[in-house]
Amino acid sequence: MANGLDEVVAAETVLSDVDGLGGRLTIRGHSLADLAGRRSYAQVAHLLLEGFFDDLPEDAGLKESLGQARAEVFERLRPVLGALAALDVYSGMRAGMALLPDRKTLADALRLIAAPAVLTPALLRMGRGEQPVSPDAQADHAADMLRMLKGDTASPALAKALDTYLVTVCDHGLNASTFATRVVASTQAGLTSAILAGLGALKGPLHGGAPGPVIEMLDAIAESGDAATWLRAEIDCGERIMGFGHRIYRVRDPRADVLKAVVRKLVAAGGAVGRLAFAETVEQAALDVLRVAKPSRSIQTNVEFYTALLLEAAGFPKEAFTNVFAAGRVCGWVAHAREQQLTGRLIRPQSRYVGPLPELVA
Ligand code: ACO
């Protein structure tokens, strides 16, 4: 039996491919390096959605449609923002998204893609006693998310950094949250139901919940003073080092390098030089400790390590890092859900029963 569905091919997709030995990510025929920092999030969303909606606008038109969708989400959910802000920021975002229509149209898809970028800043602001800021439908998606968070126009460097992040995490093969999304979509449920499944799977610390704990680890190591000793003690207690290891990659996750370069640029433009240098020291110590502790497995830096530094530098609190991950991944989920609905079959694997037989039960 395939434990954890290791190496099982459960879908055919035209959307993305993860080459775990070569350390390459391909998205609709483009390498990650061709997209991250070169195409905007709206352009990459267009690339992913192409062929799945008859009324998809031309490439250039999607920026405007996504902007309108942000405005619509804000207006629709404005009356309940207060109640959503009483929850933790991830649950609040998920609960807000659950209130969106559960259908399969392009308008439904765009509202779902827009929602994390609208709800996350609104809920963070309300959580600190500030008024939410309305979206600017004309703005770029990432720049608008930052403006709604800070209440002021973000620097072009910061907007570009967040845009590059959202593109970098937009899709990544049949990861746990995308698989969960496809399972629900395969029942022909609506897109909201499918995306809620993805949101549930993303939250866990073995998947998209890792970057917040990366910051906690960096802070704990800074306090303890010695990275290697701290990391070894964690492994001795059976803990995992957050931001390292991957089911598919046996080499360094290519997204980690893209994001590290983005953090470097931010630092060069006036960011926290010491924080990056410290993180690089911890990264090297973790790789050394893991090489010794787990010699039979190649455990390398994954996307979440530099995600944590990037989102910290962008001004997001660590409890909202998974929300921002969702803001990027959601267009991949929508594309996979539509691909599954249009070309797939009900996903219904089998389990092997290892419980007692009826006649053996007393
Ligand atoms: N720290 C310590 N040990 C690790 C780590 C780690 N980060 N990753 C894997 N291992 C070890 C396990 O303890 C296990 O050791 P054992 O054989 O001695 O028991 C061995 O490697 C295999 O572990 P699995 O869980 O079977 O490996 P898998 O390939 O499923 O792991 C995973 C992938 C879950 C991501 C893992 O590397 C991990 O837990 N990493 C830390 C959390 C994290 O960074 N998650 C984000 C992943 S990226 C993303 O989802 C966007």
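Residues numbered from 1 in each chain as written. Predicted model: local features only at pLDDT ≥ 70, side-chain atom pairs only at ≥ 80, totals over all residues. Heavy atoms only, no water.

Between the first and last C-alpha of helix H11 (residues 211-224) there are 20 Å, a value that for 14 residues agrees with the 20 Å anticipated at 1.5 Å per step. Every buried residue belonging to H11 is among Pro211, Gly212, Val214, Ile215, Met217, Leu218 and Ile221, and all of these are buried. Summarising the contacts, the buried residues of H11 are in contact with helix H12 (227-236), helix H14 (273-293), helix H15 (303-313) and helix H16 (321-343). (Helix = DSSP H or I, 4+ residues; strand = E, 2+ residues; numbered from the N terminus. Expected span 1.5 Å × (residues − 1). Buried < 20%, exposed > 50% of the residue type's maximum accessible area, 1.4 Å probe, protein only. Contact = heavy atoms within 4.5 Å.)

Before going further, it helps to spend a moment on the packing of aromatic side chains. Inspection of every chain in the model, using the stated rule, returns two aromatic pairs. Geometrically, the ring pair formed by Phe305 and Tyr306 is edge-to-face, given 5.1 Å between the ring centres and 80° between the ring planes. Neither residue differs from the other here; Phe305 and Tyr306 are each classed as buried. Pairwise contacts between aromatic rings join Phe244, Phe305 and Tyr306 into one cluster. It is Arg338 that lies over the ring of Phe53; its NZ or CZ is 5.0 Å from the centre. (Phe/Tyr/Trp six-rings, centres within 6.5 Å; stacked < 30°, edge-to-face > 60°. Lys NZ or Arg CZ within 6 Å of the ring centre and 35° of its normal.)

Here we come to the domain arrangement of the protein. Interface size is commonly expressed as the accessible surface area that is lost when the partners come together. Domains assigned within the protein are domain 1 (33-207 + 319-343) and domain 2 (211-313). The C-alpha-based centres of domain 1 and domain 2 are spaced at 26 Å. Every contact between the two is made by 17 residues of domain 1 and, on the other side, 20 residues of domain 2. Between domain 1 and domain 2, a total of about 1500 Å² is buried, with carbon and sulfur atoms accounting for 78% of that surface. The interface formed by domain 1 and domain 2 holds zero salt bridges in total. Where domain 1 touches domain 2, the interface holds two residue pairs in polar contact (both at pLDDT 80 or more). Of all the elements in the fold, those that place two or more residues in the side of domain 1 that touches domain 2 are helix H8 (156-168) and H16. Element by element, the count of residues in the side of domain 1 that touches domain 2 is highest for H8, at seven residues. In terms of residue class, the side of domain 1 that touches domain 2 is built from 12 nonpolar, four polar and one charged. (Domains from an automatic or database assignment. Buried area = accessible area lost by both parts, 1.4 Å probe. Salt bridge = Lys/Arg side-chain N within 4 Å of Asp/Glu carboxyl O. Polar contact = N/O pair within 3.5 Å; in protein donor to acceptor, adjacent residues only side chain to side chain. Nonpolar A, V, L, I, M, F, W, Y, C, P; charged D, E, K, R; others polar.)

For the rest of this paragraph, the subject is the pattern of salt bridges. Within the structure shown, the criterion is met by 21 salt bridges. Salt-bridge contacts for Asp253 lead to Arg255; the nearest nitrogen and oxygen are separated by 2.8 Å. One exposure class covers both Asp253 and Arg255, and it is buried. Connected through shared salt-bridge partners, Arg252, Asp257, Lys260, Arg264, Glu280 and Glu283 make up one network.

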